[in-house]
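Listed below, chain by chain, are the residues.
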Amino acid sequence: MILVAKLISWISLVALIAPAILFLMGRMELDQVKMVMLISTVVWFVTAAMWMWGKE
Amino acid sequence: MSSEENSSEQQSQGEFERQAVPQSSWLGFRSFIGMYAGEHCAGTELMIGPLFVAAGVSAFDVVVGLIVGNLLAVLSWMFLCAPIATRTRLTLYYQLEKICGRRLVILYNIANGVMFCFLAGSMITVSATALGVWFKFPMPGLNDLYPNSVGWVIAVLAIGVLISFVAAFGYKTVAKFANIAAPWMVLVFLAFGLIGLRNFIVATGTEVSSAGDVWGLCKDTIWKGGDPLPGQIKFTFWHVMFFAWFCNMAMHVGMSDLTVLRFAKKSWYGSASATGMYVGHFMAWLAAAMLFAFQLHQTHPDQYMADLLTQNTTAKYTQSALMDGPMSPDLIREAMEIEAQLVADGTIAKEDMKISVPTPLPGPLAYGACGITGLICVIIAGWTTANPTIYRAGLAFQAIIPKASRFKVTIATGLLATVAAMFPAIAMKLLGFVMLYGMILMPMGAVVFVDFWLLKKFGLQSNYAEVSGKTFNWAAGLAWFLTFGVCCYFVKYTGIQIFFVSLPGWFIAAALYICISLIYQKKIRPTGQEV
């Protein structure tokens, strides 16, 4: 479970920055960028909390 | 902007506060990489980058100035702070107590605590600008000193009180949350820069096919140089370099990070600060700067300003040229002068003055680039960094009144920071404030450096307060007060800007500490006592 959460959280970080890179290349609209970033943000905080919260 | 969260946590648990860190608790290089990278990506970065733009900095000056200044900061951590930290393995407070005595350390704590309060205040200010996007209350301007609307005061109060109670109740919870937010926040900052760059490419119609094209866009459009906005001082390469070097002066030259780096296995681990400098103080500053530069690029004089300029100058401007062209510092300055003259003549009332300077407000800037994610980033960046800052300020004050409860002291400290946050002057003048913070605490760093490396070479006693039983080492105290006085004199009466006084100030403090110690220790120490 933790392994899956880790994997999803790292993918969400890639999904967080990828839209901005695509926008820079002119391959994505800004509204889409904002939407994908918001979804990635929610996924990151939910999944990262599952494996990072317990760490000291 | 600072880097003591780990150690603050350990201190709160009473770990090694008054003893050397044992070898079993030393940490590896990776621990410091993550810590510095996360902690220097703070809410205040969203103000500092835009303030560089407001200061009229050019592309070469900002890029090269930041590269050099951040390198000097890393070297200061590596060669000034870390070597002492890994030899003594004591907190700064305990080290200072041995050198200066308990009563002088109390004074240091007061100064440190007050500066932490103001710094936390500026972080709360940054977070409150995000609420302005949602609730649409009037937000402060670049040259505002006082709160300008009830909505602003309520927003700051709401965030400040919330942060204060969370800091008092659940410091560790927020510290954990900050760890989770750190990698996400770094990427959102990077996204600000990428989106800002694309906005400029589209707005200017620039064809970008090489790095040279990007550099051309940077120097001709984003960081054009020229005059600063009205009320701001002009930034050159030297301003940027010294700012990047000294914005964390209290931490490296001022030795505050002895508390952090005493856990490092090797002194070269101080180089881990490079992650914080080049992620937070290079990438994040430039990214945030691009957002404000784009706001300026998109701003054109409105009808009122165009009327003011065309009707009160002789054929200098035309309406269409003004309203189609970009806003420039010269235009704003001229319009403000005309408006002030009209008020003086009685042509318009003072309350009807409408010309204002474009203001870098992190909330609206971040929202424009990344939408709700940007707003969340502004709030979290301010909150997660204000939290440990308020906590540390509370620790500093509690050292003065040890019997007071940690909870009450932290709440009181948070409320003080909240009141400070209501005054936008601190955030809007953040560049100068950060320099003042370093200038006040820097002399004690010089005292620690000299005491550790040089004092014995002059036949003097290091850790004098501990050895002599004094509670106030006047040599250290006078070195601090006189250096601060001399630096203030330079700034106020000789026209040297605050960015440049701390470097000579460090040498003055070092020389004063040696000279006064030569007299003071000779006078106090009984004849023939071994050094």
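About the criteria used
Counting restarts for each chain, with residues numbered from 1 along the sequence as it is written. Chain letters start at A and ligand numbers start at 1, both assigned in the order the entries are written. Only residues with pLDDT of at least 70 get local features here, since the model is predicted, and only at 80 or more are side-chain atom pairs given and counted; chain-wide, interface and lining totals rely on the full set of residues. Values reported for side chains reflect all heavy atoms of the structure, with hydrogen atoms and water molecules removed beforehand. Counting from the N terminus, the helices are DSSP H or I runs at least four residues long and the strands are E runs at least two residues long. Note on method: radius of gyration uses C-alpha positions; expected globular size equals 2.2 Å times residues raised to 0.38. We call a residue buried when its accessible area falls under 20% of the maximum for its residue type, exposed when it is over 50%, and partly exposed in between, using a 1.4 Å probe and counting protein chains only. Contact criterion: two residues are considered in contact whenever any of their non-hydrogen atoms come within 4.5 Å of each other. Only the protein chains shown count as cover for residues, with accessible areas throughout obtained via the Shrake-Rupley method and a probe of 1.4 Å. Note on aromatic pairs: the rings of Phe, Tyr and Trp (six-membered ring only in Trp) are paired at centre separations within 6.5 Å, and the planes decide the class, stacked below 30 degrees, edge-to-face beyond 60, tilted for the rest. Only Lys NZ and Arg CZ are tested; either one counts as a charge over a ring when it is within 6 Å of the ring centre and within 35 degrees of the ring normal. Definition of nonpolar core: a set of buried residues of the types Ala, Val, Leu, Ile, Met, Phe, Trp, Tyr and Cys, connected through side-chain atoms within 4.5 Å. Bear in mind that the domain bounds are from an automatic or database domain assignment. What makes a salt bridge here is a side-chain nitrogen of Lys or Arg within 4 Å of a carboxyl oxygen of Asp or Glu, nothing more. All axes are obtained by fitting lines to C-alpha atoms, using only the stretch in contact for helices, and the reported angles, taken between N-to-C directions, cover 0 to 180 degrees. In a left-handed crossing the near helix is turned counterclockwise from the far helix by less than a right angle, and in a right-handed crossing that turn is clockwise. Just so you know the grouping, Ala, Val, Leu, Ile, Met, Phe, Trp, Tyr, Cys and Pro go in nonpolar, Asp, Glu, Lys and Arg go in charged, and all remaining residues, Gly too, go in polar. When two components associate, each loses some accessible surface as probed by a 1.4 Å sphere; the sum of these losses over both components is called the buried area. Under this definition, polar contacts are N or O atom pairs within 3.5 Å; protein pairs additionally need one hydrogen-donor-capable and one acceptor-capable atom, and for neighbouring residues in sequence, both atoms have to be side-chain atoms. Each patch is assembled from residues with relative accessible area greater than 30% and no salt bridge, linking like charges that lie within 9 Å and nonpolar side chains (Val, Leu, Ile, Met, Phe, Trp, Tyr) that lie within 5 Å. The predictor's confidence in any single residue is recorded as pLDDT, a number from 0 to 100.

Caption draft 1: Highlighting the overall build of chain B. Helix and strand content of chain B: 22 helices and zero strands. Taking 2.2 N^0.38 as the reference for a compact globule, 531 residues should give roughly 24 Å; the C-alpha atoms of chain B span a radius of gyration of 24 Å, in line with that estimate. With the C-alpha coordinates of chain B rotated into their principal frame, the extents come out at 85 × 50 × 45 Å. Across the 531 residues in chain B, those meeting the buried criterion constitute 60%. Counting contacts in chain B only where the partners sit at least 6 residues apart, residues at least 24 apart contribute 85% of the total. Accessible area of chain B: about 20300 Å², with a carbon and sulfur share of 65%.

Caption draft 2: Region of the structure containing the packing of aromatic side chains. All names here are of chain B. Under the defined criterion, the tally for this structure stands at 41 aromatic pairs over all chains. Centroid distance tyrosine 36 to tryptophan 77: 5.5 Å. Interplanar angle 70°. Geometry classified as edge-to-face. Placement of the pair is tyrosine 36 in helix 2 (residues 29-39) and tryptophan 77 in helix 4 (residues 59-88), with a sequence separation of 41 residues. Of the two residues, tyrosine 36 and tryptophan 77, neither departs from the other in class, the shared state being buried. Through pairs of rings, three or more aromatic residues link up here, namely Phe52, Phe235, Phe242, Phe243, Trp245, Phe246, Trp285, Phe499 and Phe500. Over the face of the ring belonging to tryptophan 26 we find arginine 89, whose NZ or CZ atom lies 3.6 Å from the ring centre. Geometry around tyrosine 493 places lysine 492 over its ring, the cationic atom sitting 6.0 Å from the centre.

Caption draft 3: Quick peek at the nonpolar core. Residues and elements named next belong to chain B. Among the nonpolar cores identified, the biggest contains 201 residues, and Phe32, Phe52, Trp184, Phe192, Trp223 and Phe243 are the most heavily contacted of them. Here this core gathers at least three residues from each of two domains, domain 1 (5-12 + 33-297 + 360-430) and domain 2 (301-352). Setting aside anything within four residues of it in sequence, one finds tryptophan 223 in contact with Val53, Val57, Ser58, Ala59, Val62, Cys218, Leu286, Ala289 and Met290.

Caption draft 4: Spatial organisation of the pattern of salt bridges. Residue and element names in this part refer to chain B. Evaluation of the coordinates by the stated rule reveals six salt bridges over all chains. For glutamate 466, the salt bridge goes to lysine 98, with nearest N and O atoms at 3.0 Å. Pair noted here: glutamate 466 is in helix 20 (residues 464-468) and lysine 98 is in helix 5 (residues 92-100), with a separation of 368 residues, a long-range link. Here arginine 333 makes a salt bridge to aspartate 330, at a shortest N to O gap of 3.5 Å. Here aspartate 330 and arginine 333 lie together in helix 14 (residues 329-345), a separation of three residues that amounts to about one turn.

Caption draft 5: Inspection of the packing of helix 15 (residues 362-370) of chain B against helix 16 (residues 372-400) of chain B at higher detail. All names here are of chain B. Following both chains from N to C, one finds helix 15 and helix 16 inclined at 145°, their axes separated by 6 Å at the closest point. Note on packing geometry: the crossing formed by helix 15 with helix 16 is right-handed. Side by side, helix 15 and helix 16 meet where Pro362, Gly363, Ala366, Tyr367 and Cys370 of the first sit next to Ile372, Thr373, Gly374, Leu375 and Val378 of the second. A per-class count over the contact of helix 15 with helix 16 returns seven nonpolar, three polar and no charged.

Caption draft 6: Summary view of the interface of chain A and chain B. Across the contact, 23 residues belong to chain A and 28 residues belong to chain B. Interface area for chain A against chain B, summed over the two sides, is near 2200 Å², with a carbon-plus-sulfur share of 79%. Where chain A packs against chain B, one counts zero salt bridges. Joining chain A to chain B, the criterion identifies seven residue pairs in polar contact (both at pLDDT 80 or more). Mapped onto the side of chain A that touches chain B, the elements with two or more residues apiece are helix 1 (2-24) and helix 2 (30-52) of chain A. If you tally residues by element for the side of chain A that touches chain B, the top one is helix 2 of chain A, at 11 residues. Residue composition of the side of chain A that touches chain B, by class: 18 nonpolar, two polar and three charged.

Caption draft 7: Seen up close, a nonpolar patch on the surface. Residues and elements named next belong to chain B. Together, Leu107, Ile110, Trp474, Leu478, Phe481 and Leu482 line one region of the surface with nonpolar side chains, adding up to about 480 Å² of accessible area. The element contributing the most residues to the nonpolar patch is helix 21 (residues 474-493), with four residues. Assignment of secondary structure puts tryptophan 474 in helix 21. Owing to a relative accessible area of 43%, tryptophan 474 belongs among the partly exposed residues under this scheme.

Caption draft 8: How the structure looks around the confidence of the model for chain B. All names here are of chain B. In the predicted model, chain B carries a mean pLDDT of 91, and the fraction of residues at 70 or more is 95%. Confidence drops under pLDDT 50 across residues 1-14; counting only partners more than four residues distant or on other chains, this segment forms 54 contacts. Per-residue pLDDT stays below 50 along residues 526-531; that stretch engages in five contacts with residues further than four places along the chain or on separate chains.

Caption draft 9: Structural view of the environment of asparagine 248 of chain B. Among the structural elements, asparagine 248 of chain B can be located in the loop between helix 9 (237-246) and helix 10 (258-261). As a C-alpha pair, asparagine 248 of chain B and methionine 353 of chain B span 105 residues in sequence and 39 Å in three-dimensional space.

Caption draft 10: Geometry of unusual backbone geometry. Residues and elements named next belong to chain B. Of note, arginine 89 is a non-glycine position whose phi angle comes to about 55°, a positive value. Tracing the backbone shows arginine 89 in the loop between helix 4 and helix 5. With relative accessibility at 4%, the residue arginine 89 sits in the buried group. The residue methionine 255 is not glycine, and still its phi comes out positive at about 70°. For methionine 255, the location among the structural elements is in the loop between helix 9 and helix 10. Exposure remark for methionine 255: the relative accessible area of 1% places this residue in the buried category.

Caption draft 11: Main features of the domain arrangement of chain B. Residue and element names in this part refer to chain B. You can read the domains of chain B as domain 1 (5-12 + 33-297 + 360-430) and domain 2 (301-352). Computed over C-alpha atoms only, the centres of domain 1 and domain 2 are separated by 36 Å. On the domain 2 side, the residues contacting the five residues of domain 1 number six residues. Summed over both partners, the interface of domain 1 with domain 2 buries about 530 Å², with 59% contributed by carbon and sulfur atoms. The interface formed by domain 1 and domain 2 holds one salt bridge in total. Residue arginine 333 pairs with aspartate 227 through a salt bridge whose shortest N-O separation is 3.9 Å. Along the contact surface separating domain 1 from domain 2 lie one residue pair in polar contact (both at pLDDT 80 or more). Among the residues making up the side of domain 1 that touches domain 2, the classes are represented as three nonpolar, one polar and one charged.

Caption draft 12: Main features of the environment of alanine 465 of chain B. Residues and elements named next belong to chain B. The topology assignment puts alanine 465 in helix 20. Take alanine 465: its relative accessible area is 4%, and that puts it in the buried class. For the pair formed by alanine 465 and alanine 158, sequence separation is 307 residues and the distance between their alpha carbons is 45 Å. If near-sequence neighbours (up to four positions away) are discounted, alanine 465 is found in contact with Glu97, Lys98, Ile99, Cys100, Gly101 and Lys470.

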